[in-house]
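Single-letter residue listing:
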Amino acid sequence: MTKLSVNINKIATLRNSRGGNNPDLVKVALDCERFGAEGITVHPRPDERHIRYQDVFDLKAVIATEFNIEGNCREQKFVDLVLANKPAQVTLVPDTDGQITSNHGWDTIKHKDYLQEMVSLFQKAGIRVSIFVDPVVEMVAAAALTGTDRIELYTEAYAHNYYDNREKAVLPYVAAAHKAHEAGLGINAGHDLDLHNLKYFAESIPGLLEVSIGHALISDALYLGLENTVQLYLKQLKH
């Protein structure tokens, strides 16, 4: 079954809006694990507007499931943070300065040599590496040449087009997944997946190992409660 990793960035955003430690980020992470989540994801950014760098150290000390740190490896501070904490997985995302949220994958053809260098650096530290990519067969093929362990498919386009024609919306992701399997890559996915579109996506993508979900899950939890929401997302992944 596809694993659910809960991205807790939005919990940190809420905490930071008031100062103090309410809600308690570490407690929320532990509760997500207790409610059935198989991983915790954080995406620290240089301005620490949500996840603070200290949060990563605090979480690493207590998380029992898979810890996934996403971010821009062009920031040396991020690289140092990952190497200091040695999470189960690092997901390399090509953020630009001031970006509100991730909105594109790597050009793995243009940046193949650079990514190969970064993949090797993290792998030598015992960290599994995933590269954030758009659902483009050529980008998946080039990602494989970097030596990465996995790719994470950027699913915003699927989510955006889901209600118009879900069969058409998922086709590029199916093609990308087949190319990933041919190349021996593991497949993760994330961005704008929710309770409405997740099940069809998970059923359509062969060998989908993990989804990382934050904004929609935390938003749903405001109405449905965190424990119930985690359980509902897990249910969508059973097929």
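As recorded in an unreviewed UniProt entry, the chain goes by Pyridoxine 5'-phosphate synthase and comes from Pedobacter psychroterrae. Per UniProt, the comment on the chain under Catalytic activity (unreviewed entry) is "3-amino-2-oxopropyl phosphate + 1-deoxy-D-xylulose 5-phosphate = pyridoxine 5'-phosphate + phosphate + 2 H2O + H(+)". Of the comments in the UniProt record for the chain, the one headed Pathway (unreviewed entry) reads "Cofactor biosynthesis; pyridoxine 5'-phosphate biosynthesis; pyridoxine 5'-phosphate from D-erythrose 4-phosphate: step 5/5."

Asks: Can you explain the UniProt feature "site: Transition state stabilizer" (unreviewed entry) in the chain? Please cite residues and give values.
Replies: Those places that UniProt annotates as "site: Transition state stabilizer" (unreviewed entry) correspond, in this numbering, to Glu152. As for its position among the elements, glutamate 152 is in strand β6 (residues 150–154). Glutamate 152 gets classed as buried once you look at its relative accessible area, which sits at 3%. In this view, glutamate 152 contacts Glu70, Thr91, Ser130, Ile131, Phe132, Val133, Asn188, Ala189 and Gly190; residues no more than four positions away in its chain are not counted.

Asks: Quick one: what's the story with unusual backbone geometry, residue by residue and with numbers?
Replies: With omega at 5 degrees, the peptide bond leading from asparagine 22 into proline 23 counts as cis. Along the chain, proline 23 turns up in the loop between α1 (9–16) and α2 (25–34). Of note, the phi angle at lysine 86 is positive, near 50 degrees, even though the residue is not glycine. Turning to its location among the elements, lysine 86 is positioned in the loop between α4 (76–85) and β4 (89–92). Its relative accessible area of 45% is what places lysine 86 among the partly exposed residues.

Criteria and thresholds
Residues numbered from 1 in each chain as written. Predicted model: local features only at pLDDT ≥ 70, side-chain atom pairs only at ≥ 80, totals over all residues. Heavy atoms only, no water. UniProt positions renumbered as here; feature names shortened; annotations may be inferred. Helix = DSSP H or I, 4+ residues; strand = E, 2+ residues; numbered from the N terminus. Buried < 20%, exposed > 50% of the residue type's maximum accessible area, 1.4 Å probe, protein only. Contact = heavy atoms within 4.5 Å.

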